[in-house]
Amino acid sequence: MKNILILFLVLLSGSIFGQMYNPVKWSTSVEKVSDKEYVLKAKAVIQSGWHLYGQYIEEGGPSRTAFIFKNANKKFELIGKTTEEKGHEVVDKIFDMKIKYFEDKALFTQKIKLTSEGISSIDGEVEFMVCDDSNCLPPTTEELSFKIPNEKKLASAEETVAVKEDSVSAKTEEKTVVQTEEKAIKPIVDSPKKTESRGLLTIFILAFLSGFAALLTPCVFPMIPMTVSYFTKQSKTKAAGIRNAMIYGFSIVIIYVLLGSIVTAVFGADSLNALSTNVWFNLIFFILLVVFACSFLGAFEIMLPNALANKVDSQADRGGLIGIFFMALALAIVSFSCTGPIVGTLLVEAASKGGIAPIVGMLGFSIAIALPFSLFAAFPGWLNALPKSGGWLNTVKVVLGFLELALAFKFLSNADLVLQLHWLERETFLAIWIAVFGMLAFYLFGKITLPHDSPLNHISVGRLGFGLIVLSFTIYLIPGLWGAPLKLISGFPPPMQYSESPNGLGVSSNSELKITGSLPEGAEHGPQNIITFHDYDKGMEYAKKVGKPVLLDFTGYACVNCRKMEELVWSDPKVLGVLNNDVVLISLYVDDKKELPESEQYVSENTGKKIKTIGNKWSDLQIKTYQANAQPFYVIVDHKSVNLTEPSAYNPNIEEYYGWLQSGIKNFKK
């Protein structure tokens, strides 16, 4: 029984780490435009959770989709370039460029004009690369065949043709493509189901905390005892008072969730996410957040028209459920000068996430606002424990104003990154944040005062403590001006490479880092300056010489998750120590385009394709040996290429990855 269990676990682990992926199905069709002109259509149906890159990506980024049409200019002419659908565009922090990708499906079209008679089909091929949140597959080439309709067929008829090199009929293949498309579930590169759930949970928590902050403003906090006292006194019984307060709180939730629903419905769940990389979106909300910040700092107040407030307030006297609802609406309107900027900021941030994030954000915010009214109605004795209103409420507004101002520059930074203007590089951004949080620290210590501030005779312990936290954070930011990674705020400032000194203070972008010590033959300095081999045989030979196990790193120049592992996991001191001292690293790039010598080219036993390049060779090795074709893919082996532990894929958990490395090294020493 025990042996059977072990065998089961081994097979299970093999299925987990040795999985072969084929996430894209291609089909073709042809549309007749005139006697000589046709539109060739290539449609990609993409498996849920994967994404396909567009055709027009700058050099140095992921491998783009490319079409080749055979016998062009002999039998037909290409009219214009191959076009593609809108897709999704994001600014990728790893490659520091705008990248376009497709999810679910993608349609590419090419207009042609026939120059010869009797052409029944046009052959071509497409080279493409796909990734999900954990894997990137090496660039793949698929053969395409476009059947030209004859005169008897309708001009608008479309003929789907199988692309795979098998003998299945066109009808059967077309049915397979349709079924695949029907099964497709909407994924997104940045947020598949698990990531999306975490993203929505983060939005909810931040919104809840923002709602709690709004409670502590001068517009809302004084309303708690007033409103609770109203319900407890006007209700005939305590139970009725609690019930009415609960309805009041529930009405607040409905009002704000309705606001989030309207934002989602007006802009659309998908378009909201696309807006996050739009230059005008980021510029407009930079200005909007600066206005909100100025309002909180006391320059002016943002208020809704008094006529609207009076009209809603008059409806609150009607009594019953409708009256209670209008009381909640009156609270939202009267407190708008304090809650408006917070709600606006939340909607902006949630809008950049897309989907139902605005609704989730307003749900978290409104629950935080409504909860005290319900709790204090149920336990009115708690009201005595509430602090009295005073100048500290305005201090909360000012603190929020400084936070709004700091967040505003994140949106300005997004616009600068998209346009690649280099006006707000990393050092400039950090200098602005240091100034903003430095001024906030001075304010909390009472060194500067703003409009509406009460006279400050002394500093409370709480204010002093918070001031020390802000000052500490400000000091933490300062080394970032000289190249410190600042992992605490990772994702907020521009990336390290978008900097005046990408390699650190005193090292220009054209300078080479001087690394002491000679390199072994065939090695070079790789990520994190780790000694790395790119040739399997030379790396294994060196490993035997020094008596260390080998870490095989199946990677790619255009592999996003490979870069994430190198920057976020390999940079950890413990992991970096192991990679520098305890293993020999062999990085095999599956998208290396250098051609193999003619004598070394061969036809793969696994795929039946000709292996022409170095990248093809390493990809074929990964498929043949480990039955896997996704990157990153890590294997620890001994000098006979025997696995010392189970292979590992993308794993951003530093402790788990470090433990995995240690287990392989331990097995090597046995």
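First, a word on what this report is: a plain description of the structure on this page. Quick caveat, the model's predicted, so the values are computed rather than measured. (Residues numbered from 1 in each chain as written. Predicted model: local features only at pLDDT ≥ 70, side-chain atom pairs only at ≥ 80, totals over all residues. Heavy atoms only, no water.)

Looking now at the overall build of the protein chain. Broken down by element type, the protein chain carries 19 helices and 19 strands. Taking all 670 residues of the protein chain together, 45% fall into the buried category. Across the protein chain, contacts joining residues at least 24 apart in sequence account for 71% of those joining residues at least 6 apart. (Helix = DSSP H or I, 4+ residues; strand = E, 2+ residues; numbered from the N terminus. Buried < 20%, exposed > 50% of the residue type's maximum accessible area, 1.4 Å probe, protein only. Contact = heavy atoms within 4.5 Å.)

A word on the sheet that holds strand 15 (residues 550–555). An order of 13-14-16-15-19 is seen for the five strands of this open sheet, with the pairing classed as mixed. The open sheet has two edge strands with one neighbour each: strand 13 (523–525) and strand 19 (633–637). With strand direction ignored, the average angle separating the axes of adjacent strands in the sheet is 35 degrees. Pairing between strand 15 and strand 19: five bridges, direction antiparallel. In the sheet register, Val-550 faces strand 19, and the bridge partner there is Val-637. Lying over the sheet, helix 15 (residues 536–546) contacts strand 14 (531–533), strand 15 and strand 16 (584–589), oriented at roughly 175 degrees with respect to strand 16. (Pairing = 2+ DSSP bridges. Axes fitted to C-alpha atoms, helices over the stretch in contact; angles between N-to-C directions.)

Looking at where Ser-121 falls in the secondary structure, it is placed in strand 9 (residues 121–128). Given the relative accessible area of 27%, Ser-121 is considered partly exposed. Distance from Ser-121 to Val-30, taken between C-alpha atoms, is 9.8 Å for residues 91 residues apart in sequence. Leave out the neighbours within four places in its chain, and Ser-121 touches Ser-145, Phe-146, Lys-147 and Ile-148.

Enumeration over the complete set of coordinates arrives at four cavities of 30 Å³ or more. The space that makes up the second largest cavity amounts to roughly 40 Å³. If you go around the second largest cavity, the residues you meet are Ser-295, Phe-296, Leu-297, Gly-298, Ala-299, Phe-300, Glu-301, Asn-394, Lys-397, Pro-451 and His-452. Of all the secondary-structure elements, those providing two or more residues to the lining of the second largest cavity are helix 7 (279–297) and helix 12 (391–419). Considering every element that reaches the lining of the second largest cavity, the biggest residue donor is helix 7, with three residues. Class assignment for the residues of the lining of the second largest cavity results in five nonpolar, four polar and two charged. (1 Å grid on protein atoms, 1.4 Å probe; cavity = no way out; pocket = protein on both sides within 12 Å on 5 of 7 lines; lining within 4 Å. Points joined across faces, edges and corners; volume = space filled by probe spheres on them. Nonpolar A, V, L, I, M, F, W, Y, C, P; charged D, E, K, R; others polar.)

So, about the sheet that holds strand 6 (residues 88–92). Strand order in this open sheet of four strands is 6-7-3-10, and the pairing throughout is antiparallel. The sheet terminates laterally at strand 6 and strand 10 (130–131), the two strands that pair on one side only. Sheet topology places strand 3 (residues 51–53) next to strand 10; two bridges connect them, and they run antiparallel. For His-51, the partnering residue across the bridge sits in strand 10 and is Cys-131.

With that out of the way, let us pick up the packing of helix 17 (residues 573–581) against helix 19 (residues 654–669). The axes of two packed helices give the description: the angle between them and the distance between them. In the contact formed by helix 17 and helix 19, the axes pass within 9 Å of each other and the chain directions differ by 30 degrees. Accordingly, the angle class assigned to the pair helix 17 and helix 19 is roughly parallel. Crossing handedness for the pair helix 17 and helix 19: left-handed. Contact residues: helix 17 offers Lys-574, Val-575, Val-578 and Leu-579, while helix 19 offers Ile-654, Glu-655, Tyr-657, Tyr-658, Leu-661, Gln-662 and Ile-665. Residues belonging to the contact of helix 17 with helix 19 are distributed by class as follows: eight nonpolar, one polar and two charged. (Parallel < 35°, antiparallel > 145°, perpendicular 65-115°, else oblique. Left-handed = near helix turned anticlockwise from the far one by under 90°.)

Judged by how many residues are buried, strand 2 (residues 37–46) sits mostly within the fold: eight of ten residues are covered. Across nine bridges, strand 1 (residues 24–32) lies against strand 2 in antiparallel orientation. Paired with Thr-28 across the bridge in strand 2 is Ala-42. What sits between the antiparallel neighbours strand 1 and strand 2 is a turn of four residues. Two strands pair when backbone bridges link them, and strand 2 and strand 8 (residues 105–114) are joined in this way by nine bridges, in the antiparallel orientation. Opposite Ala-44, over in strand 8, you have Ala-106 as the bridge partner.

Along the chain, Thr-28 turns up in strand 1. Side-chain polar atoms of Thr-28 contact the backbone oxygen of Ser-145, separated by 2.7 Å. (Polar contact = N/O pair within 3.5 Å; in protein donor to acceptor, adjacent residues only side chain to side chain.)

The next point concerns the packing of aromatic side chains. Taken as a whole, this structure holds 20 aromatic pairs when the rule is applied. With 6.1 Å between their ring centres and 55 degrees between their planes, Trp-570 and Tyr-634 make a pair best called tilted. Placement of the pair is Trp-570 in the loop between helix 16 (560–569) and helix 17 and Tyr-634 in strand 19, with a sequence separation of 64 residues. Exposure remark for Trp-570: the relative accessible area of 0% places this residue in the buried category. With a centroid separation of 5.5 Å and an interplanar angle of 75 degrees, the aromatic rings of Tyr-634 and Tyr-657 are classed as edge-to-face. Pair noted here: Tyr-634 is in strand 19 and Tyr-657 is in helix 19, with a separation of 23 residues, a long-range link. Among the residues examined, Tyr-657 registers a relative accessible area of 0% and is labelled buried. Connected via pairs of aromatic rings, a cluster forms that spans Trp-26, Phe-67, Phe-69, Phe-102, Phe-108, Phe-128 and Phe-146. (Phe/Tyr/Trp six-rings, centres within 6.5 Å; stacked < 30°, edge-to-face > 60°.)

On to the side chain of Thr-555. Within the fold, Thr-555 resides in strand 15. For Thr-555, a relative accessible area of 0% puts it in the buried group. Not counting residues up to four positions away in its chain, the partners in contact with Thr-555 are Cys-562, Arg-563, Glu-566, Ser-587, Leu-588, Tyr-589, Val-590 and Gln-631.

Note that Ile-79 resides in strand 5 (residues 76–84). Residues Ile-79 and Val-39 lie 40 residues apart in sequence; the distance between their C-alpha atoms is 9.5 Å.

A few words now on the pattern of salt bridges. Evaluation of the coordinates by the stated rule reveals six salt bridges. The residue Lys-100 makes a salt bridge to Glu-84 at a minimum N-O spacing of 3.2 Å. Note that Lys-100 is positioned in strand 7 (residues 97–102) and Glu-84 in strand 5, a separation of 16 residues in sequence. Take Lys-100: its relative accessible area is 15%, and that puts it in the buried class. Look at Glu-84 and you get buried, because its relative accessible area is 19%. (Salt bridge = Lys/Arg side-chain N within 4 Å of Asp/Glu carboxyl O.)

This brings us to a nonpolar patch on the surface. On the surface, Leu-456, Ile-459, Leu-464, Leu-468, Leu-471, Ile-475, Ile-478 and Trp-482 cluster together to form a nonpolar patch covering roughly 680 Å² of accessible area. A relative accessible area of 45% places Leu-468 in the partly exposed class. (Patch = residues over 30% accessible without salt bridge, like charges linked within 9 Å, V, L, I, M, F, W, Y side chains within 5 Å. Areas by Shrake-Rupley, 256 points an atom, 1.4 Å probe, with all protein chains shown as cover.)

Coordinates in, geometry out; function isn't part of it.
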